[in-house]
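Listed here are the chains, written in short residue letters.
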Amino acid sequence: MNNYLKLVQKIKEKIYKINNIDELNNIRVNFLGKKGYIKLELSKAKEIQLKEKKIEKLKEINILKKNIEELIKKKKKSIKKYLFQKNNKINYFDITLEGRNKEIGSLHPITHTINCIEDFFVMSGFSIKTGSEIENKYFNFDSLNIDKNHPSRKKTDSFWIDKNFLLRTQMSSIQIRTIKNQIPPIKFIASGRVYRNDYDKTHTPMFHQTEGIIIDKNINFSFLKYILYKFLNYFFKKKIIIRFRPSYFPFTEPSAEIDILTKEKKWLEILGCGIIHPKILNHANIDQNVYSGLAFGIGIERLAMLKYNIKDLRLFFQNHISFLKQFR
């Protein structure tokens, strides 16, 4: 009997260290299974010749069996309780605690800026167009009169996917797609992400532009200046100092850029514009003797920086909650 008591103590110590149902089942099989320790002991007891000794032995084995069964039963219950608490820990709640307040989110300043731009031009009779961010070289370069040796076609300037497709470098790629499928008069804007290989305080590899197109009879550069002056005063909600200066774009002729005078009394370029180049109209089979076109491209981040007095363009894309909360 003393040997059995020592065995029970060893089993107890072994079971104490277990936190796994499978390991506990292994112990049960080893001691209580059909080929386990208890069965073997019972077989040995049956071979004892003396009846009294046989009965005594069977009683000891029965006590041992009950002790092992009790130990396994208690441990199994303990493991199940532990696993239940562990699995339901995330669902546990204390009804005496105060409730959690849900904060109201806010739109990104770039989204605010795009919405403001679109509000003005929709009120002015423009429709809104969209297009794919992956573009082929015909619509991104060739159809826009961009020379094959132009620096923007190089891999160091643009993000090429293969020899024919790239991430669009300007929203002008939507221009030829739209005017090819519409009959003038045409009046639309298109806002979205564009990509160029550049990164510093005033440039990021991904940024946003709004492209605007007007194609109609009897329109000229004076009307272009009028609509852009009107837009900028609407956007900044005050009269601002701007200047037009001559520039060059392959897809407009003549071309100009608009600079705005900042609080630091420095000129900052915010958009380019011009009369749509005759070759662009030819690509879309529009009679340039009847119709003329106006185009402008707005740098959305530049406008947002001026409106919200932000000095570093990279802040827009760093996802700092404390920064974004300011623009509710």
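In what follows, the structure referred to is the one given above.
Computed from a prediction, not measured in an experiment: that's the story for all the values here. (Residues numbered from 1 in each chain as written. Predicted model: local features only at pLDDT ≥ 70, side-chain atom pairs only at ≥ 80, totals over all residues. Heavy atoms only, no water.)

Participant: Can you walk me through the overall build of the chain in this structure?
Facilitator: Looking only at helices and strands, the chain features 11 helices and nine strands. Taken against the 2.2 N^0.38 rule, which gives 20 Å for 328 residues, the C-alpha radius of gyration of the chain at 40 Å runs more than 25% over that of a compact globule. Its C-alpha atoms give the chain principal-axis dimensions of roughly 125 × 50 × 35 Å. The buried share among the 328 residues of the chain stands at 39%. By sequence separation, contacts in the chain at least 24 residues apart represent 65% of the contacts at least 6 residues apart. In the structure as shown, the chain presents an accessible area of about 20900 Å², 52% of it carried by carbon and sulfur atoms. On the chain, the mean spot of the 61 positive side-chain charges and the mean spot of the 33 negative ones are 8 Å from each other. (Helix = DSSP H or I, 4+ residues; strand = E, 2+ residues; numbered from the N terminus. Rg over C-alpha atoms; globule rule 2.2 N^0.38 Å. Buried < 20%, exposed > 50% of the residue type's maximum accessible area, 1.4 Å probe, protein only. Contact = heavy atoms within 4.5 Å. Areas by Shrake-Rupley, 256 points an atom, 1.4 Å probe, with all protein chains shown as cover. Lys, Arg positive; Asp, Glu negative; His and termini not counted. Charge placed at Lys NZ, Arg CZ, Asp CG, Glu CD.)

Participant: How should I be thinking about the packing of helix H5 (residues 109-123) against helix H8 (residues 221-236) in this particular structure?
Facilitator: Packed helices, taken two at a time, are described by the angle their axes make and the gap between the axes. Put simply, H5 and H8 touch, their axes get as near as 10 Å, and they point 135° apart. When the interaxial angle is binned, H5 and H8 end up oblique. Seen along the crossing, H5 lies across H8 with a hand that is right-handed. Listed contacts from H8 to Thr 113, Cys 116, Ile 117, Asp 119, Phe 120, Phe 121 and Met 123 of H5 are Ile 227, Lys 230, Phe 231, Tyr 234 and Phe 235. Class assignment for the residues of the contact of H5 with H8 results in nine nonpolar, one polar and two charged. (Axes fitted to C-alpha atoms, helices over the stretch in contact; angles between N-to-C directions. Parallel < 35°, antiparallel > 145°, perpendicular 65-115°, else oblique. Left-handed = near helix turned anticlockwise from the far one by under 90°. Nonpolar A, V, L, I, M, F, W, Y, C, P; charged D, E, K, R; others polar.)

Participant: Would you mind showing me how to read the sheet that holds strand E8 (residues 267-276) here?
Facilitator: What holds strands together in a sheet is hydrogen bonding between their backbones, with the strands either parallel or antiparallel. The strand order across the open sheet built from seven strands is E1-E4-E5-E9-E8-E7-E6, with neighbouring strands paired in mixed fashion. Every interior strand has two partners, whereas the edge strands, strand E1 (127-129) and strand E6 (242-249), have only one. The sheet shows a mean angle of 25° between the axes of neighbouring strands, direction not considered. Pairing of E6 with strand E7 (residues 252-261) involves seven bridges; the strand directions are antiparallel. Pairing of Ile 242 across the sheet is with Ile 260, part of E7. Its contacts with the sheet place H8 against strand E5 (206-216), E6, E7, E8 and strand E9 (292-299), and it is angled at close to 145° to E8. (Pairing = 2+ DSSP bridges.)

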